[in-house]
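Letter by letter, the chains look like this.
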Amino acid sequence: MIKAEGLTKRFSSLTAVDHISFRVEVGEIFGLLGPNGAGKTTTVHMLATLLKPSEGEAWVAGFSVTESPGEVRKHIGIVFQEPTVDRFLSGWDNLYIHGMIYGVPRGELKERIRKALEFVELERWAGVLVKKYSGGMLRRLELARALLYEPEVLFLDEPTLGLDPQSRAKMWEYIKELRRSQGTTILVTTHYMEEADRLCDRVAIIDRGRIVAEGSPEELKRKLGSEVIYLRSRKASELIDELREAGLSARMLSPELIALAVSSATEAMPKLFTVLGNLIKHVEEISYHRPSLEDVFLHYTGRKLRDSEADAADFIRMVARVRRW
Amino acid sequence: MGFTSAVAVMWYRQVKKFYMAKPRLLGSLAQPILWMVFFGLGWSSTIRGPMARMLFHGLDYMSFLAPGVYMMSIFIVSFMSGVSVIFDRQFGYLKELLASPAPREAIMLGRVLGDSTVSIAQATVLLMAAKALAPGISLATLPVASLVGFLAALCFTSLGSIIAFKMETFESFNIVNTFITMPMLFLSGAFYPIDTMPAWMRHLAYVSPLTYAVDATRGLLAGYSHLPLAVDAAALLAAAAALLLLSAAAYKRATVG
């Protein structure tokens, strides 16, 4: 339903998206997982024909995004990362105006608005000014808006950004229900691991404009072994030689961090002490757990998904948003 | 997406939006009424008698002022509605509009027509109220005056949106208010006659379309105009056409995101 081949976007000197390729099958919920600034939004904008790729090509619902953007637009719905609603109008009016300017057949519009509002359980709020909506309701309204033209492909850019856990869970329900009842193909971007894990059939982990891993959340986690042991040490490079000599599958994640993929951490731990012998005194920290997508990300990039860098980016974006006032 | 239905739905949006904002509705109606009552009554009790009639070309001050305040109300409401494009950008709604398949000229035109409708409706209500204070006003010519008002509203909504597209931040809003709205109002002849202004002021006054709009409405509603009606109408038509074109160009140039 979606196919990207070598999709690339450069903004002057910055390569935001660097030759990425992936496929999304019909009726799949596909996640683009990565920190802020990884190129997720840029990718979505290219697939939704709002941005022209600098290189590469993509097909959505069978149409090329570069050759027939108009056709692509007819088959997709999109929920932007930042709200794009009119706060000084009611929810119903927002949907009505959207339907009109986006060319939903006039005769069907009112019925579709009713169905969309019912789907996101906002019927009772239809006549209320949007500025009185909560964050979760706002996102639901935007979802309803994207559903007006009954899209085959739906793009959701960080659909649960800034929502409380309850609203987030609710949003997931709607997304899953949509796929179940309409068979909609859905591409979600997110930087919440839990979201990708619970919601997506398959995810592509994207970092600095490249896809570093792709597969179902289960597959990706299984690749790391059933459990992972982390060792933190300033002498990590010395330790890793010892570990590898002993036949353990050890990986340097960063100059001070080693990951060991094992089938059982409790059984591997005593062996670890034996192997390291005297070197154990250089280990500052040992931890282990069942791999999560966070570990998968760490495994492929050597960084945590929400490390200080991402937080800084968040902060800068927030400042930028405030300053625009 | 048809051109006309895009115009129609944008018209609907502007009108509905105004109607939904009750406090704003009340506020923008109250402001010109306050001008009429305090400014008007204050001055009309200072400048009275035959001397005043001579100064104001046979009118009492209230009847001289009322058409000016009528046009002032149209000016402020339509200009500010035009500038409100900046709100849409701030709240991301402009992206939603500009990313749509609807022609941008249609979006612009629908907006301008909607805002103009709102400002005319409001000014009409105001004039009815002002009639009680200004005996020299005739409401019989109101339909024609509304046409002039509509033309003026087209000018000022377009002007407002052209400026809004140039503004980087919301802070510039106050600057616009100080350096555009206020001078245009003072130069318009709404509060005092143009012919007695110092020459430099008079020359400036004739650059602003608001001056012609005030003159024409005064001619229609109170029976005195400084320039022939045809001249006023021609100046307004030219200004409206030019500003609409510039505003359409600004919409076309605007980038999404």
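In this report, the structure presented in the accompanying data block is examined. Quick caveat, the model's predicted, so the values are computed rather than measured. (Residues numbered from 1 in each chain as written. Chains lettered and ligands numbered in written order. Predicted model: local features only at pLDDT ≥ 70, side-chain atom pairs only at ≥ 80, totals over all residues. Heavy atoms only, no water.)

## Section: the sheet that holds strand S1 (residues 2–11) of chain A
Residues and elements named next belong to chain A.
Move 1: Strand order across the open sheet formed by four strands is S2-S1-S4-S5, with antiparallel pairing between neighbours. A strand with exactly one partner marks an edge of an open sheet, and here the two such strands are strand S2 (14–24) and strand S5 (63–64).
Move 2: With seven bridges joining them, S1 and S2 adopt antiparallel strand pairing. Residue Leu7 lies in a different strand from S2, and its bridge partner there is Ile20. (Pairing = 2+ DSSP bridges. Helix = DSSP H or I, 4+ residues; strand = E, 2+ residues; numbered from the N terminus.)

## Description of unusual backbone geometry
With the exception of glycine, the majority of residues adopt a negative phi angle, and the majority of peptide bonds are in the trans configuration.
Residue and element names in this part refer to chain A.
Move 1: Despite not being glycine, Thr49 has its phi angle at roughly 65 degrees, a positive value.
Move 2: With respect to the secondary-structure elements, Thr49 resides in the loop between helix H1 (40–47) and strand S4 (55–60).
Move 3: Judged by relative accessible area, Thr49 falls into the buried class, the value being 14%.
Move 4: At Glu121, a position not held by glycine, the phi torsion is positive, near 55 degrees.
Move 5: By secondary structure assignment, the location of Glu121 is in the loop between helix H4 (106–119) and helix H5 (135–147).
Move 6: Note on Glu121: relative accessible area 43%, which makes it partly exposed. (Buried < 20%, exposed > 50% of the residue type's maximum accessible area, 1.4 Å probe, protein only.)

## Considering the packing of helix H7 (residues 104–130) of chain B against helix H12 (residues 229–253) of chain B
Residues and elements named next belong to chain B.
Move 1: Contact geometry for H7 and H12: axes closest at 9 Å, N-to-C directions at 130 degrees. Relative to H12, the element H7 is oriented oblique. Two packed elements cross with a definite hand, and for H7 against H12 that hand is right-handed. Taking contact as the criterion, the partners of Arg104, Glu105, Ile107, Met108, Leu109, Arg111 and Val112 in H7 are, on H12, Leu244, Ser247, Ala248, Tyr251 and Lys252.
Move 2: In terms of residue class, the contact of H7 with H12 is made up of seven nonpolar, one polar and four charged. (Axes fitted to C-alpha atoms, helices over the stretch in contact; angles between N-to-C directions. Parallel < 35°, antiparallel > 145°, perpendicular 65-115°, else oblique. Left-handed = near helix turned anticlockwise from the far one by under 90°. Contact = heavy atoms within 4.5 Å. Nonpolar A, V, L, I, M, F, W, Y, C, P; charged D, E, K, R; others polar.)

## Overview of the packing of helix H2 (residues 22–44) of chain B against H7(B)
Residues and elements named next belong to chain B.
Move 1: Closest axis-to-axis distance for the H2/H7 pair is 10 Å, and the angle between their directions is 35 degrees. Like other packed secondary-structure pairs, H2 and H7 cross with a definite hand, here right-handed. Each of Leu25, Ser28, Leu29, Pro32, Ile33 and Met36 in H2 lies in contact with H7, whose residues at this interface are Gln122, Val125, Leu126 and Ala130.

## Some thoughts on the pattern of salt bridges
Move 1: Taken as a whole, this structure holds 29 salt bridges over all chains when the rule is applied.
Move 2: Linking A:Asp86 and B:Arg13 is a salt bridge whose minimum nitrogen-to-oxygen distance equals 2.5 Å. Taken together, the positions of A:Asp86 in the loop between strand S6 (76–79) and helix H3 (91–101) and B:Arg13 in helix H1 (residues 3–20) put the pair across two chains.
Move 3: When its relative accessible area of 2% is taken as the criterion, A:Asp86 is described as buried.
Move 4: The exposure class assigned to B:Arg13 is buried, which follows from its relative accessible area of 0%.
Move 5: A:Asp201 is paired through a salt bridge with A:Arg179; the nearest N and O atoms lie 2.7 Å apart. Here A:Asp201, found in the loop between helix H7 (193–199) and strand S9 (202–207), pairs with A:Arg179, found in helix H6 (residues 165–182); they are 22 residues apart in sequence, far enough to count as distant.
Move 6: Among the residues examined, A:Asp201 registers a relative accessible area of 30% and is labelled partly exposed.
Move 7: The class for A:Arg179 is partly exposed, based on a relative accessible area of 22%.
Move 8: Among the charged side chains, a network of salt bridges with common partners joins A:Asp86, B:Arg13, B:Lys17, B:Asp88 and B:Arg111. (Salt bridge = Lys/Arg side-chain N within 4 Å of Asp/Glu carboxyl O.)

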